[in-house]
Amino acid sequence: MPTASHLKNSLYFDFRAARRVPETHAWPGLHEHPVVDGGEAAAAAAGTGDAVPVVDVRAPDAAARVARAAEQWGAFLVTGHGVPASLLARVEERIARMFALPAAEKMRAVRAPGEACGYGSPPISSSFSKRMWSEGYTFSPVSLRSDLRRLWPKAGDDYRLFCDVMEEFHKEMRQLADKLLELFLRALGLITGEQIAGVQAERKIGETMTATMHLNWYPRCPDPQRALGLIAHTDSGFFTFVLQNLVPGLQLFRRGPDRWVAVPAVPGAFVVNVGDLFHILTNGRFHSVYHRAVVNRDLDRISLGYFLGPPPHVKVAPLPEAVPRGRSPAYRAVTWPEYMAVRKKAFTTGGSALKMISAAAAAEPDDDVDVHA
Ligand SMILES: C=C1C[C@]23C[C@@]1(O)CC[C@H]2[C@@]12CCC[C@@](C)(C(=O)O1)[C@H]2[C@@H]3C(=O)O
Ligand SMILES: O=C(O)CCC(=O)C(=O)O
Ligand SMILES: [Fe+2]
């Protein structure tokens, strides 16, 4: 178990003590593209059509709205979801308390190389030489009581309250994930009325879908123009719910003209990001969204990602119903770990992971990708 000397020797960076952004944390090219406001009022005033879509899941036309947003943006804000605001407030409070623990205590749960869960820089950071202005904690909601003992070995009140609130949250979110999956499948025309079309595959997606939680802390930063909270990426799974506090920072990339759209912090709303495996499943009809998180000079930002995806051994391939008649699937079948390994390679070569698993690229299979990387 890491000790104080482990902490001293580790690469822990004390954000609170930083008076400037050191070279290790300074990212070039952050301002290559303009940033526009994705709030409804601002976008209407600017006449840009850049308002981030909002879907009220209770609306009769929710599936059509989901389809439009997933096709055109790969992301949207979800309202009317029924997860109580009081629960979200408690979730946020517990996350803030966890990140406020002394560094030595957080580092007890440090993520070991190659491990999915644990504390530290986001897993993606191992592919980059610059460091991000954030810390994160990843855990599986089904094993949280044992995972969280690494942070709170004495299992006192903070441990108990954190676990209780996260379990309650997971229960609500897993139901909301099923609801959203149903809307996605309706949007694809795979569910009509009460009927699920096609074979068992679609039903199985919902039954076997797994959840992972990742908490992000973006400490206030003396020079936010030089630092980056979370490098631009697409989420790798099916879809992600993002809960953010009232400090905005999430930006979505849009093409033509290339720009970053700042997602407004709407109280009580979740952002939904379409992930790469959903992009594959829908044969590219619902596209994954490239996004990043920026930091703030005066305020800490907290966000929570609730990631849904397939179990690790399941191959994901385009649903036959999503492939236009007479055409072949645009992507080959991959498991989540296989896809992550391809993405890691794409980061080092500057390529696109989705292109690497496209049917065109499958003609020349790339078999030197290490799934355990
Ligand atoms: C389920 C997962 C998605 C994620 C990798 C992970 O195993 C747990 C953390 C997730 C996260 C959060 C921050 C950004 C991201 C790219 C990363 O480095 O870790 C995502 C991963 C992802 O979507 O691929
Ligand atoms: O902090 C955010 O708003 C985004 C977080 C994110 O993209 C992620 O956790 O994958
Ligand atoms: Fe993300």
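Our subject is the structure that appears above.
Reading guide: rules and limits
- Residues numbered from 1 in each chain as written.
- Chains lettered and ligands numbered in written order.
- Predicted model: local features only at pLDDT ≥ 70, side-chain atom pairs only at ≥ 80, totals over all residues.
- Heavy atoms only, no water.
- Buried < 20%, exposed > 50% of the residue type's maximum accessible area, 1.4 Å probe, protein only.
- Helix = DSSP H or I, 4+ residues; strand = E, 2+ residues; numbered from the N terminus.
- Pairing = 2+ DSSP bridges.
- Right-handed = clockwise from strand over helix to strand, strands pointing away.
- Core = buried A, V, L, I, M, F, W, Y, C linked by side-chain atoms within 4.5 Å.
- Contact = heavy atoms within 4.5 Å.
- Donors = N, O, S within 2.8 Å, 3.2 Å for Na, K, Ca; no water.
- Axes fitted to C-alpha atoms, helices over the stretch in contact; angles between N-to-C directions.
- Salt bridge = Lys/Arg side-chain N within 4 Å of Asp/Glu carboxyl O.
- Near = heavy atom within 4 Å.
- Polar contact = N/O pair within 3.5 Å; in protein donor to acceptor, adjacent residues only side chain to side chain.
- Areas by Shrake-Rupley, 256 points an atom, 1.4 Å probe, with all protein chains shown as cover.
- Nonpolar A, V, L, I, M, F, W, Y, C, P; charged D, E, K, R; others polar.
- Parallel < 35°, antiparallel > 145°, perpendicular 65-115°, else oblique.
- Left-handed = near helix turned anticlockwise from the far one by under 90°.

S.K.: An account of the pairing of strand E3 (residues 75–79) is needed here, citing residue identities and associated values.
M.R.: For E3, the tally of buried residues reaches four of five residues, placing the bulk of the element in the interior. In this sheet, E3 lies alongside strand E2 (residues 54–56) in parallel orientation, the contact comprising three bridges. Across the sheet, Asp56 pairs through a bridge with Thr79, a residue of E3. Considered for its hand, the β-α-β crossover made up of E2, helix H3 (residues 62–72) and E3 is right-handed. Bridge analysis of E3 against strand E13 (residues 270–274) gives four bridges, and the strand direction is antiparallel. Among the inter-strand pairings, Val78 is bridged to a residue of E13, identified as Phe270.

S.K.: Describe the nonpolar core, with residues and values.
M.R.: Residues Met98, Leu148, Phe169, Phe184, Phe239 and Phe241 are the most contacted members of the largest nonpolar core, which totals 79 residues. Here Met98 is in contact with Lys106, Tyr119, Tyr137, Leu151, Trp152, Phe162 and Leu215, once residues within four sequence places are set aside. By size, the runner-up hydrophobic cluster in this structure holds 18 residues, among which are Trp27, Leu30, Leu228 and Ala293.

S.K.: Quick one: what's the story with the coordination of the iron ion (ligand 3), residue by residue and with numbers?
M.R.: Every protein donor of the iron ion (ligand 3) is accounted for by His233 (NE2), Asp235 (OD) and His291 (NE2), and the metal-donor separations fall at 2.1 Å. Read from N- to C-terminus, the donor residues coordinating the iron ion (ligand 3) fall into the pattern H-x1-D-x55-H. One end of the pair, Asp235, is in the loop between strand E9 (230–233) and strand E10 (239–244); the other, His291, is in strand E14 (residues 291–293), and 56 residues separate them in sequence. Take Asp235: its relative accessible area is 5%, and that puts it in the buried class. Taking relative accessible area as the criterion, His291 reaches 4% and is therefore assigned buried.

S.K.: Requested: an account of the sheet that holds strand E1 (residues 35–37), with residues and values cited.
M.R.: Strand order in this open sheet of five strands is E1-E12-E11-E14-E9, and the pairing throughout is mixed. A single partner strand is all that each edge strand has here, and the edge strands are E1 and E9. The mean angle between the axes of side-by-side strands here comes to 25°, regardless of whether they run parallel or antiparallel. Of the pairings in the sheet, the one linking strand E11 (residues 250–254) to E14 comprises three bridges and is antiparallel in character. Looking at E14, one finds that Leu252 is bridged to His291.

S.K.: Quick one: what's the story with the pattern of salt bridges, residue by residue and with numbers?
M.R.: Counted under the stated rule, the structure contains 23 salt bridges. Close ionic contact of Arg150 with Glu115 constitutes a salt bridge, the shortest N to O distance being 3.8 Å. Of this pair, Arg150 sits in the loop between helix H6 (144–147) and helix H7 (157–187) while Glu115 is found in the loop between helix H5 (103–106) and strand E4 (118–120), placing the two residues 35 residues apart along the sequence. Residue Arg174 is joined to Asp178 by a salt bridge in which the shortest nitrogen-to-oxygen separation is 2.8 Å. Of this pair, Arg174 and Asp178 both sit in helix H7, four residues apart, roughly one helical turn. Relative accessible area serves as the criterion here: at 17%, Arg174 is assigned to the buried category. Relative accessible area serves as the criterion here: at 37%, Asp178 is assigned to the partly exposed category. Three or more residues are tied together by salt bridges with common partners; here these are Arg145, Asp157, Arg160, Asp164 and Glu167.

S.K.: Describe in detail the site of ligand 2, supporting the description with residues and values.
M.R.: What surrounds ligand 2 is the set Asn216, Tyr218, Leu230, His233, Asp235, Val242, Leu250, His291, Ala293, Arg301, Ser303 and Phe307. The contact in question runs from an oxygen atom of ligand 2 to an N or O atom on the side chain of Tyr218, over 2.6 Å. Between ligand 2 and His233 there is a distance of 3.2 Å, counted from an oxygen atom to a side-chain nitrogen or oxygen. Alone, ligand 2 offers 290 Å² of accessible surface; in the complex the protein occludes 97% of this. Listing elements by their share of the shell around ligand 2, those giving two or more residues are strand E8 (210–218), E9, E14 and strand E15 (301–309). Of the residues contributing to the shell around ligand 2, the split by class is six nonpolar, four polar and two charged.

S.K.: Could you give me a rundown of the sheet that holds E8, with the residues and numbers involved?
M.R.: Pairing between the strands of a sheet is mediated by backbone hydrogen bonds and can be parallel or antiparallel. One open sheet holds the eight strands; their spatial order is E2-E3-E13-E10-E15-E8-E5-E4, and the pairing between them is mixed. Among the strands making up the open sheet, the edge pair consists of E2 and E4. Within this sheet the neighbouring strands show an average axis-to-axis angle of 25°, counted without direction. Strand contacts of H7: E3, strand E5 (135–139), E8, E10, E13 and E15, with the helix running at about 130° to E10, the strand carrying the most contacts.

S.K.: Pulling in residues and values, what's your account of the packing of helix H4 (residues 85–99) against H7?
M.R.: At a minimum axis distance of 10 Å, the contact between H4 and H7 shows a crossing angle of 140°. Overall, the two elements H4 and H7 adopt an arrangement that is oblique. The crossing of H4 and H7 is left-handed. Here Leu87, Leu88, Arg90, Val91, Arg94, Ile95, Arg97 and Met98 of H4 come into contact with H7, specifically with Asp158, Leu161, Phe162, Val165, Met166, Glu168, Phe169 and Glu172.

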